[in-house]
Amino acid sequence: MVTRTVDLRSDTVTKPSEAMRAAMANAEVDDDVLGYDPTAFRLETEMANITGKEAALFVPSGTMGNLISVLVHCEIRGSEVILGDYSHIHIYENGGISTIGGVHPRTVKNKKDGSMDIDLIEAAIRDPRMEICYPTTRLICLENTHANSGGKCLPVEYIDKVGELAKKHGLKLHIDGARIFNASVALGVPVHRLMQAADSASVCLSKGLGAPVGSVIVGSKQFIARAKILRKTLGGGMRQIGVLCAAALVALQENVRKLEGDHKNAKTLAEGLNKIKGLKVDVASVETNIVYFEVIEGANITVEKFCKYLEEHGILVMPESSSKIRLVVHYQISESDVQYTLSCIQQAATEVPENGAK
């Protein structure tokens, strides 16, 4: 019988702390559609200050936050957004910018570090003289940290250059900053500086920060005014949302300082995995809280059986492909959990025969 659970599927799996639950129970609330909820207002004001933007808006999810942001910048149907071919918006958000907004994605190859070559971004911008044929480029999207690249951080110098390029061509820049606090801690650069060049950004509260629900989008007052209308259009206008925002305020107060520990645990995990025969990890690429490891060809076990074996021992992971597994560390994963995980993975790699698990 499994007596221990180590959930490494994502940093979205954290449970609300006692402090969060107490804050939720005691939150001052009001109708956030008819006017504003006072606790939501506190959270939005705090997030605007942290990100260096004029205003902020709580939304139910990061997917909705990114969708609203793209639609605000691309109000005219048939507009085009330039974004990475391996970006979260392009791959994991149901194609919402196209199906709901009529926005055309123009992808540029993401490099291993999550960035896109700036020359290739510029080359992807449509020539306005050919608008009789082409969609009109209106927006560039970046992702920081970049999840599919293993949580790699985009440095501020790179973001600034993309911002300069956007301004040069009269475009807007949106940052999918689902894990921007992880990037800030890893780079030692304040969140507001990482977002300085952006016209808008989304920040997830329920990933590394560990709140139970929600994201915040930030930008100018005009941007947020339009975003609030779109939030209602998309069904995201909720009423007494202070109950949720109260937990997010606790997360901001208590969990940002824990991110460095998450990154250290992820590095320990990567280093340990790389020592196990049959597995491969690019340890140097682990900058934040995400670890990918490969089960090399000819190993004693398949990814499918690996995941099954680990689950039988209380360890939950995310298979990424037929040869790759993703692990995500969060503040509810201890150093002891990391060592237990490494021990079980070692056993799985050496003890489980290919023709059937023990």
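This one's a predicted model, so the numbers in the text were calculated from it and none came from an experiment. (Residues numbered from 1 in each chain as written. Predicted model: local features only at pLDDT ≥ 70, side-chain atom pairs only at ≥ 80, totals over all residues. Heavy atoms only, no water.)

Asks: Is there a simple way to explain the pattern of salt bridges in this structure?
Replies: Two side chains bearing opposite charge may form a pair once their charged atoms approach each other closely. A complete count under the given rule lists 13 salt bridges for this structure. One salt bridge connects Glu 122 with Lys 168, and the closest N-O pair in it is separated by 2.9 Å. Residue Glu 122 is located in helix 6 (residues 118–124), and its partner Lys 168 is located in helix 7 (residues 156–168); the two are separated by 46 residues in the primary sequence. Judged by its relative accessible area of 26%, Glu 122 is partly exposed. Among the ionic pairs, Arg 193 bridges to Asp 160, the shortest N-O distance being 2.6 Å. Taken together, the residues span a long stretch of sequence, with Arg 193 in helix 9 (residues 191–194) and Asp 160 in helix 7 at a distance of 33 residues. Counted as one network, the salt bridges with shared partners bring together Glu 80, Arg 106 and Arg 126. (Salt bridge = Lys/Arg side-chain N within 4 Å of Asp/Glu carboxyl O. Helix = DSSP H or I, 4+ residues; strand = E, 2+ residues; numbered from the N terminus. Buried < 20%, exposed > 50% of the residue type's maximum accessible area, 1.4 Å probe, protein only.)

Asks: Could you clarify how one ought to interpret the packing of helix 13 (residues 303–312) against helix 14 (residues 335–351) in this entry?
Replies: Any two packed helices are characterised by the angle at which their axes cross and by the distance between the axes. Viewed as axis vectors pointing N to C, helix 13 and helix 14 meet at an angle of 135 degrees, and their least axial separation amounts to 10 Å. Considering their axes alone, helix 13 and helix 14 lie oblique with respect to each other. Handedness of the crossing formed by helix 13 with helix 14: right-handed. Where helix 13 approaches helix 14, its residues Phe 306, Tyr 309 and Leu 310 are matched on the opposing element by Cys 344, Ile 345, Gln 347, Ala 348, Ala 349 and Glu 351. Here the residues of the contact of helix 13 with helix 14 are counted per class, giving seven nonpolar, one polar and one charged. (Axes fitted to C-alpha atoms, helices over the stretch in contact; angles between N-to-C directions. Parallel < 35°, antiparallel > 145°, perpendicular 65-115°, else oblique. Left-handed = near helix turned anticlockwise from the far one by under 90°. Contact = heavy atoms within 4.5 Å. Nonpolar A, V, L, I, M, F, W, Y, C, P; charged D, E, K, R; others polar.)

Asks: Looking at this structure, how should I read the sheet that holds strand 8 (residues 215–219)?
Replies: Spatial ordering of the open sheet is given by 2-8-7-6-5-3-4, a layout of seven strands whose pairing is mixed. The open sheet has two edge strands with one neighbour each: strand 2 (55–59) and strand 4 (104–108). Taken pair by pair, the neighbouring strands of this sheet meet at an average axis angle of 25 degrees, ignoring direction. Bridge count for strand 6 (residues 172–176) against strand 7 (residues 200–204) is three bridges, and the pairing is parallel. (Pairing = 2+ DSSP bridges.)

Asks: What is the right way to look at the pairing of strand 7 in this model?
Replies: The side chains of a regular strand alternate between both faces of the sheet. Burial of strand 7 is extensive: five of the five residues sit out of reach of the surface. Here strand 7 shows no split at all, with Ser 200, Ser 202 and Cys 204 on one side and Ala 201 and Val 203 on the other all buried. Where strand 7 meets strand 8, five bridges bridge the pair, whose relative direction is antiparallel. If you follow Ser 200 over to strand 8, its bridge partner there is Gly 219.

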